[in-house]
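# Close look at the chain arrangement
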Amino acid sequence: MLRVAAATLLLTVAIVLVRDAGRERIAWMFLPLALGLCGFLAGNTPDAALKLSGPAAMAASVLSGTAAVPLWWFCLAVFDDDFRFGPLESGGGAAWVLVALLDRGLLLPGQVGNGSTWVLVTMGIAMVAHVGFRLWRDLDGDLVESRRRARMRLSAAFALLLLVDLGVDVVLGFDWKPHWFTLTQNAAILLLAVQLARRLLRGDAGVLAFRGPAVPEPAAETAREPPSLDGGDASDGGLLARLTQLMEIERIHRDPQLTFAAFAARMGAPEAEVRRLVNHRLGARHFRSFLNAWRVADARQALADPSRAGEKMVAIAFDAGFASLASFNRAFKLAEGVSPSAYRAAALARVGGAGREAVRDGAGAAGASRLDPGF
């Protein structure tokens, strides 16, 4: 009952996410995680009469053995809006899948176990440590209060899961699965599924009355630009004026070592108040993305300036406030869809033609979207 209920809820949440939020990458990342957990649930019983057999058992084994990879990726993506697969995530995921298939004898039937289980344990510890490091590293700059709290809860849950699971494997062996222990594991996954369903699934009484739900307006794409403060609450006037001074005049975003704590200190206000202002008023979800929007805008102006056509890319990156050329290239391409060198070539080509004035306006678009000094 626990296993079927948990699997049903997980698949329901996955289907709803893909159906209603299919344009969001996180929805598609949850689907393989749900399938992997379902595979684990399918085989997580000590009762031989309830175990699967044949192709179904093999499919469940594959899904269960590889579930750690989508779990790792999902936890990283949930707390990082700009998450992208790098060599570590891609290579680590591929290595885990290969070792897991070997461990289950699906690649080399004669090599079941044979030390590969301990390799998976070591890799699992590394994955959990990596997630914990990323969660705590970015905690200070996370501007979404509910997500900040979730970071701490997830870190604690991962640490507890690691200690319990590893402790059981080391002390009692990998085959130790008494009935109460598997029941507890399955109940924990069901609780997770219930929490996800509670947060994501909503009822609409209009559907039951055949009225149909209201069709929401499509959400506009979030521009990765320094935010404008046109309009707004007058009660934030003092903070907005200080923010204008820091970003427009002092250009503190050009400091690559700037932290949120230091920024709040320069603002002269409590961190919670500054976090609310930048998140609620300006729409930034992380301090890093807030700074990068300003830095990319500075870089765009420099790249479109004919007088700086011979300047090295690394100099432009450092002048804008990026700590490295790699981080500059990544942030710029994420914001503009092209590399900095491609952007420069296109911009300078247009400047050399009849559209000089239009390009100058385009290159200065950051100025039009900067903070209004009147605030």
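Here goes a summary of the coordinates provided. (Residues numbered from 1 in each chain as written. Predicted model: local features only at pLDDT ≥ 70, side-chain atom pairs only at ≥ 80, totals over all residues. Heavy atoms only, no water.)

### Section: empty space enclosed by the protein
Scanning the model with the defined rule gives two cavities of 30 Å³ or more in all. Roughly 50 Å³ of volume is contained in the largest cavity. Around the largest cavity, the lining residues are C75, L76, F79, D80, R134, L135, D138 and R151. Broken down by secondary-structure element, the contributors of at least two residues to the lining of the largest cavity are α4 (68-78) and α6 (116-137). (1 Å grid on protein atoms, 1.4 Å probe; cavity = no way out; pocket = protein on both sides within 12 Å on 5 of 7 lines; lining within 4 Å. Points joined across faces, edges and corners; volume = space filled by probe spheres on them. Helix = DSSP H or I, 4+ residues; strand = E, 2+ residues; numbered from the N terminus.)

### A word on helix α11 (residues 260-267)
Those residues of α11 lying buried are F260, F263, A264 and M267. Along the long axis of α11, the arc covered by the buried residues comes to 100 degrees, so they all point the same way. If you follow the buried residues of α11, they end up packed against α10 (237-249), α12 (271-281) and α13 (287-303). (Buried < 20%, exposed > 50% of the residue type's maximum accessible area, 1.4 Å probe, protein only. Arc of directions from axis to C-beta. Contact = heavy atoms within 4.5 Å.)

### Brief notes about the packing of aromatic side chains
Evaluation of the coordinates by the stated rule reveals 11 aromatic pairs. Their ring planes at 55 degrees and their centres at 5.2 Å tell us that F322 and F328 sit as a pair that is tilted. Each member of the pair, F322 as well as F328, carries the same accessibility label: buried. Put simply, the rings of F260, F263, F287 and F290 touch in pairs and so form one group of aromatic residues. (Phe/Tyr/Trp six-rings, centres within 6.5 Å; stacked < 30°, edge-to-face > 60°.)

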